[in-house]
Amino acid sequence: MKRSAALTPLSHDHHHALSLAMQAGKAARQDDAEAWQRVAQRLIQHYQDSLQAHFAQEERLLLPALSQAGQQAAVERTLADHAHLHALLQHPQLASPAMLQAFADAMTAHVRFEERELFALAESLPAVMAALNQHGQD
């Protein structure tokens, strides 16, 4: 699906996030502690390098515009997902099959929600898109 220019960078980030989720799920199904550690380190690095900034951008630009448009349920779901993913990525046992699978499941569900519901909702609301486009011009 073609995204609006304002949401395209966020949508592109989702591709990499899904790739990492797939790697985490694959590692979780292996009996290989070294693989668990490698993937956990990759997840932590991605979190530090880009995922935190991705969440912050959504929370700073997209979610306030959706909230002003009366879409509080979607905002609350997104914030809850972000908090859950933050917690998983900071869990001391991230390099374990259970935590890697929990991350894989949570990230996949979150990206699907944002791509299929949240971004589609935003694009259907002219006031939200106007706010996002205004930020892009600042």
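See above for the structure.
Residues numbered from 1 in each chain as written. Predicted model: local features only at pLDDT ≥ 70, side-chain atom pairs only at ≥ 80, totals over all residues. Heavy atoms only, no water.

A. Structural detail: helix H2 (residues 33-68). At Tyr47, H2 is deflected by roughly 55°, the largest bend along its length. Capping the start of H2, Asp32 holds a side-chain oxygen 3.1 Å from the backbone nitrogen of Glu34, two or three residues further along. At the C-terminal side of H2, Gly70 shows a positive phi close to 85°. (Bend = angle between axes of the 7 residues up to and from the residue. Helix = DSSP H or I, 4+ residues; strand = E, 2+ residues; numbered from the N terminus. Polar contact = N/O pair within 3.5 Å; in protein donor to acceptor, adjacent residues only side chain to side chain.)

B. Expanded view of the packing of aromatic side chains. Scanning the model with the defined rule gives 0 aromatic pairs in all. When the ring centre of Phe113 is taken as origin, the NZ or CZ atom of Arg77, which lies over that ring, is 4.1 Å away. (Phe/Tyr/Trp six-rings, centres within 6.5 Å; stacked < 30°, edge-to-face > 60°. Lys NZ or Arg CZ within 6 Å of the ring centre and 35° of its normal.)

C. The pattern of salt bridges, seen in detail. Tallied over the full model, the rule gives 3 salt bridges. The salt bridge partner of Arg3 is Glu123, with a shortest N-O separation of 2.7 Å. Taken together, the positions of Arg3 in the segment before helix H1 (8-28) and Glu123 in helix H4 (residues 97-124) put the pair 120 residues apart, joining distant regions of the chain. Given the relative accessible area of 7%, Arg3 is considered buried. For Arg77, the salt bridge identified is with Asp81, shortest N-O distance 3.2 Å. Taken as a pair, Arg77 and Asp81 lie in helix H3 (residues 72-89) at a separation of 4 residues, close to a single helical turn. Under the relative-accessibility criterion, Arg77 is labelled partly exposed at 34%. (Salt bridge = Lys/Arg side-chain N within 4 Å of Asp/Glu carboxyl O. Buried < 20%, exposed > 50% of the residue type's maximum accessible area, 1.4 Å probe, protein only.)

Just distances and angles here, no functional claims.
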